[in-house]
Amino acid sequence: MNYERRIEKLVNELDLSAVLVKKPENIMYLSGFTGSEAVLLIGENLRVLITDSRYTEQASYQCPLYEIHEYKVSPLVFIKDILFSKAIKKIGFEDRYMTFNQYNEYREKIKVEMVPIGRTIEAMRRVKDEDEIEIIRKAVKIADMAFEHILDYIKPGVRETEVSAELEYFMKKNGALGPSFNTIVASGSRASLPHGIASEKLIESGDTVTMDFGALYKGYCSDITRTVFVNKPDDEMKKIYYTVLGALELAKETAAAGMKGKQIDILAREYIIKAGFGGYFGHGLGHGVGIEIHEMPRISPHGESVVTDGMVFTIEPGIYISNKGGVRIEDMVAFKDGTADVLTGARREMIIL
Ligand SMILES: [Mn+2]
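Residues numbered from 1 in each chain as written. Predicted model: local features only at pLDDT ≥ 70, side-chain atom pairs only at ≥ 80, totals over all residues. Heavy atoms only, no water.

Some details on the packing of helix H4 (residues 76–85) against helix H5 (residues 100–110)
Two quantities define a packed helix pair, namely the angle between the axes and the distance from one axis to the other. Definition in use: To define axes, lines are fitted to C-alpha atoms, for helices over the stretch in contact only, and angles between the resulting N-to-C directions are given on a 0 to 180 degree scale. Secondary structure elements are defined from DSSP: runs of H or I of at least 4 residues count as helices, runs of E of at least 2 residues count as strands, and each element is numbered from the N terminus. In these notes the angle categories are as follows: under 35 degrees is roughly parallel, over 145 is roughly antiparallel, 65 to 115 is roughly perpendicular, and the rest is oblique. Two helices cross in a left-handed way if the nearer one is turned anticlockwise from the farther one by less than a right angle. They cross in a right-handed way if the turn is clockwise. The contact criterion used throughout is that any non-hydrogen atoms of two residues lie within 4.5 Å. Just so you know the grouping, Ala, Val, Leu, Ile, Met, Phe, Trp, Tyr, Cys and Pro go in nonpolar, Asp, Glu, Lys and Arg go in charged, and all remaining residues, Gly too, go in polar.
In contact at an axis separation of 10 Å, H4 and H5 are set at 45° when each is read in the N-to-C sense. Judged by the angle between their axes, H4 and H5 are oblique. Crossing of H4 against H5: the hand is right-handed. Note on element contacts: H5 touches H4 through Glu-105, Tyr-106, Lys-109 and Ile-110, opposite Leu-76, Ile-79, Lys-80 and Leu-83. In terms of residue class, the contact of H4 with H5 is built from five nonpolar, no polar and three charged.

This is the structure we're talking about:
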């Protein structure tokens, strides 16, 4: 990973002598550090990582660009000293991550002006470089394999939690550090819950089973949803399935660089409305995926980001009808040469187990 290029880009983007970074995902992006606790202080000719004794050795391996400091009680003493020695009177900070309490403590102890940087680093993270896309491809591949594996496992009498455990176990056996979020397994009427975390419900004959899961691999996430049928679906469920699939394919084929997230969202949304299910697709069409499972850009009616090459996001239309069930199908795409390169390889055709 080219951390130096990222640091320089951040320094150039902000008209500040120093930026304080605390959000773990942003720390990893800018330094390679994967521990849970650290603070970065970044500026022109300033690359400092402050952590505690649990992580000092790890940081020295992972972050060769940085000067590593180990704190005993609080990193604030180091921060204050460094800023004072460099005569820095104003620093940027992640206002969307720091709590009110922490902000007050920093203000009080380090005694410099603190300028909110909003989502500057998150916005940089929208566009992935080749190294990142290669890792994401592997995270997607692990999830693809897990889907194929789970088809033999889903049977009437098996609990949703057993399905989620099997998916997660398989992904870990195949190189994942863990799931990228709490695995969703929603069967039968629970399938109308778009985010139904696996419950103790037994899968029954006639159920639809929606599984939404992903792998965390080398710090990057994948995200996939597939809906399968245990025994034949009725005609309405079939119509719902093909409507969702049609919306997904249309959005993937038509999405083009230069469109805003909301313009991609409307492609799938109009398709679903025309099929008569307009009231049953409540969430946005997709979201960026990377170090975080949900990141920028938003592909929803509120998505103002313009899609460009290098952006990686999901396309996941769904239709959910209370007391009946639901269908969602989700792929991940990476924008390349102005169009959506589909990363997800798992089968999309209707599967009846
Ligand atoms: Mn998703």
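Structural notes on the nonpolar core
Condition: Residues belong to one nonpolar core when they are buried, are Ala, Val, Leu, Ile, Met, Phe, Trp, Tyr or Cys, and are joined through side-chain atoms within 4.5 Å. Working definition: with a 1.4 Å probe on protein chains only, accessible area under 20% of the residue-type maximum means buried, over 50% means exposed, and in between means partly exposed. Where each domain begins and ends is defined by an automated method or by a domain database.
Counting 63 residues, the largest nonpolar core has Leu-30, Ile-42, Phe-147, Ile-154, Val-163, Met-211 and Phe-213 as its most contacted members. With 10 residues, helix H7 (residues 130–150) is the single largest residue contributor to this core. When residues of this core are assigned to domains, at least three map to each of domain 1 (3–124) and domain 2 (130–342). The residues touching Ile-154, leaving out its near neighbours within four places in the chain, are Val-163, Ile-203, Val-209, Met-211, Val-228, Val-230 and Leu-353. Ala-251, Met-311, Phe-335 and Met-350 belong to the second largest nonpolar core, which has 31 residues in total.

Topic: the pattern of salt bridges
Operational definition: A side-chain nitrogen of Lys or Arg and a carboxyl oxygen of Asp or Glu constitute a salt bridge if their distance falls within 4 Å.
Counting across every chain of the model gives 31 salt bridges. When the shortest N-O distance is used, the salt bridge between Glu-4 and Arg-47 registers 2.8 Å. With a gap of 43 residues between them, Glu-4 in helix H1 (residues 3–13) and Arg-47 in strand S3 (residues 46–51) connect regions that are remote in the sequence. By relative accessible area, Glu-4 is classed as partly exposed at 24%. Looking at Arg-47, the relative accessible area reads 17%, which means it is buried.

A closer look at the domain arrangement of the protein chain
Stated formally: Throughout, buried area stands for the accessible area (probe radius 1.4 Å) lost by two parts on being put together, summed over both. Pairs of N or O atoms are called polar contacts if they sit within 3.5 Å, as long as, within protein, a hydrogen donor faces a hydrogen acceptor (for residues adjacent in sequence, only side-chain-to-side-chain pairs).
Segmentation of the protein chain into domains returns domain 1 (3–124) and domain 2 (130–342). Taking only C-alpha atoms, the centre of domain 1 and the centre of domain 2 are 35 Å apart. The interface of domain 1 with domain 2 comprises eight residues on the first partner and seven residues on the second. When the two sides are added together, the surface that domain 1 and domain 2 hide from each other amounts to roughly 620 Å², 69% of it contributed by carbon and sulfur. For domain 1, the biggest contributors to the area lost against domain 2 are Glu-25, Met-28 and Tyr-29; these three give 56% of the whole. Joining domain 1 to domain 2, the criterion identifies two salt bridges. The partner of Lys-23 in a salt bridge is Glu-292, with the nearest N and O atoms 3.2 Å apart. Joining domain 1 to domain 2, the criterion identifies one residue pair in polar contact (both at pLDDT 80 or more). At the level of secondary structure, the elements contributing two or more residues to the side of domain 1 that touches domain 2 comprise helix H2 (24–31) and helix H6 (120–125). When residues of the side of domain 1 that touches domain 2 are assigned to their parent elements, the largest contribution, three residues, is made by H2. Here the residues of the side of domain 1 that touches domain 2 are counted per class, giving three nonpolar, no polar and five charged.

So, helix H10 (residues 261–274)
To be explicit about the condition: Multiplying 1.5 Å by the helix residue count minus one yields the expected span of that helix.
Here H10 contains 14 residues, and its C-alpha end-to-end distance of 20 Å stays within 8% of the 20 Å for a straight helix at 1.5 Å per residue. Within the span of H10, buried status applies to Gly-261, Ile-264, Asp-265, Leu-267, Ala-268, Arg-269 and Ile-272. Looking at the buried residues of H10, the elements they touch are helix H9 (235–254), strand S14 (295–299), strand S15 (312–315) and strand S16 (318–321). In the stretch just after H10, Gly-276 is the one whose phi turns positive, near 95°.

Considering the coordination of the manganese ion
Put simply, the ideal angle at a metal is 109.5 degrees for four donors in tetrahedral geometry and 90 or 180 degrees for six donors in octahedral geometry. Rules: In this analysis a donor is any N, O or S atom within 2.8 Å of a metal ion (3.2 Å for sodium, potassium and calcium), and since water is not included, sites may seem incomplete.
The coordination sphere of the manganese ion, as far as protein atoms go, consists of Asp-223 (OD), His-287 (NE2), Glu-316 (OE) and Glu-330 (OE), spread over 2.1 to 2.3 Å. Mapping the donors of the manganese ion onto the primary sequence yields the spacing D-x63-H-x28-E-x13-E. Linking His-287 in strand S13 (residues 286–288) with Glu-330 in the loop between strand S17 (325–328) and strand S18 (331–336), this pair joins segments that are 43 residues apart in sequence. Note on His-287: relative accessible area 10%, which makes it buried. Note on Glu-330: relative accessible area 0%, which makes it buried.

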